[in-house]
Amino acid sequence: GNYTFISGTDTIADPRTGQLIGGAHAFGDYWGAQDAPVAFITGSELYFIIAEAEFVAGNEDVAADTLVAAVAENIEKLGVGSAAWLTEYTSYVATLSGDDLLEEIMTQKYIALFVNPEAFVDWRRTGYPVLTPASGSEIPRRFPYSTEERLYNDNIPKLVSIFARNWFDKE
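Residues numbered from 1 in each chain as written. Predicted model: local features only at pLDDT ≥ 70, side-chain atom pairs only at ≥ 80, totals over all residues. Heavy atoms only, no water.

Caption draft 1: Focus on unusual backbone geometry. Looking along the chain, the bond that leaves Tyr128 and enters Pro129 is cis, with omega of 0°. Assignment of secondary structure puts Pro129 in the loop between helix 7 (118-126) and helix 8 (147-152). (Helix = DSSP H or I, 4+ residues; strand = E, 2+ residues; numbered from the N terminus.)

Written as structure tokens, this is what we have:
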């Protein structure tokens, strides 16, 4: 349930948990509100994109600083900002490098983009965060084609499983 969702933050109690998720199978106070926002792109998402780009470019110090800015923007947006927590998180990020830093960037982006399908795309593209299937042995990797597509579009692949990898999926 809820603990597994924020698995990337169990070493430091993440202040976003109650805002993002409520009880079992329920949205938290932020997304569960009747007037919950629908964002096209957020400031924190932009910071996460920059952090990943800086990491890929070999600028790990800039990537780490941008990651902290992304998380700070997200906790501020959710109204759960805490200077003490952010200081502790900044110290934690300073210990990361290489694949561990990339994993943290993508895990935090996954948390910040809760309910946004882009988080699913990022997971397939990078393999982060490391997810465990809720049941069975695999996590679906693609959305199924709709009935209309299957009936009227001769150009879709035949018999594509929801577990089949896309061309950009990380092996």
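So, next bit.
Caption draft 2: View of the environment of Pro15. Position of Pro15 among the secondary structure elements: in the loop between helix 1 (2-5) and helix 2 (17-20). The class of Pro15 is partly exposed, set by a relative accessible area of 24%. Along the backbone, Pro15 and Ser82 are 67 residues apart, and their C-alpha atoms lie at a distance of 7.9 Å. Discounting chain neighbours no more than four positions away, the residues touching Pro15 are Ile75, Val80 and Trp85. (Buried < 20%, exposed > 50% of the residue type's maximum accessible area, 1.4 Å probe, protein only. Contact = heavy atoms within 4.5 Å.)

Caption draft 3: Just the nonpolar core, in detail. Counting residues in each nonpolar core, the largest one holds 25 residues, and the members touching the most others are Leu67, Val71, Tyr89, Val93, Leu101 and Ile105. Put simply, the parts of the chain that give this core at least two residues each are helix 3 (43-56), helix 4 (60-77), helix 5 (83-94) and helix 6 (98-112). When residues in this core are grouped by element, the largest group, 7 residues, is from helix 4. With near-sequence residues (within four places) excluded, Leu67 lies in contact with Phe48, Ala51, Tyr89, Val93, Leu101, Glu104, Ile105 and Gln108. (Core = buried A, V, L, I, M, F, W, Y, C linked by side-chain atoms within 4.5 Å.)

Caption draft 4: Representation of the pattern of salt bridges in the model. Counted under the stated rule, the structure contains 4 salt bridges. Of the charged contacts, one joins Asp122 and Lys109 as a salt bridge, the two residues approaching to 2.8 Å between their closest N and O atoms. Linking Asp122 in helix 7 with Lys109 in helix 6, this pair joins segments that are 13 residues apart in sequence. For Asp122, the salt bridge is made with Arg125, and the minimal N-O distance between the two is 2.9 Å. Placement of both Asp122 and Arg125 in helix 7 is noted, with a separation of 3 residues, approximately one turn of the helix. Looking at Arg125, the relative accessible area reads 32%, which means it is partly exposed. (Salt bridge = Lys/Arg side-chain N within 4 Å of Asp/Glu carboxyl O.)

Caption draft 5: Up close: helix 6. Its 15 residues place the ends of helix 6 22 Å apart at the C-alpha level, agreeing with the 21 Å of an ideal helix rising 1.5 Å per residue. Every buried residue of helix 6 is accounted for by Leu101, Leu102, Glu104, Ile105, Met106, Thr107, Gln108, Lys109, Ile111 and Ala112. (Expected span 1.5 Å × (residues − 1).)

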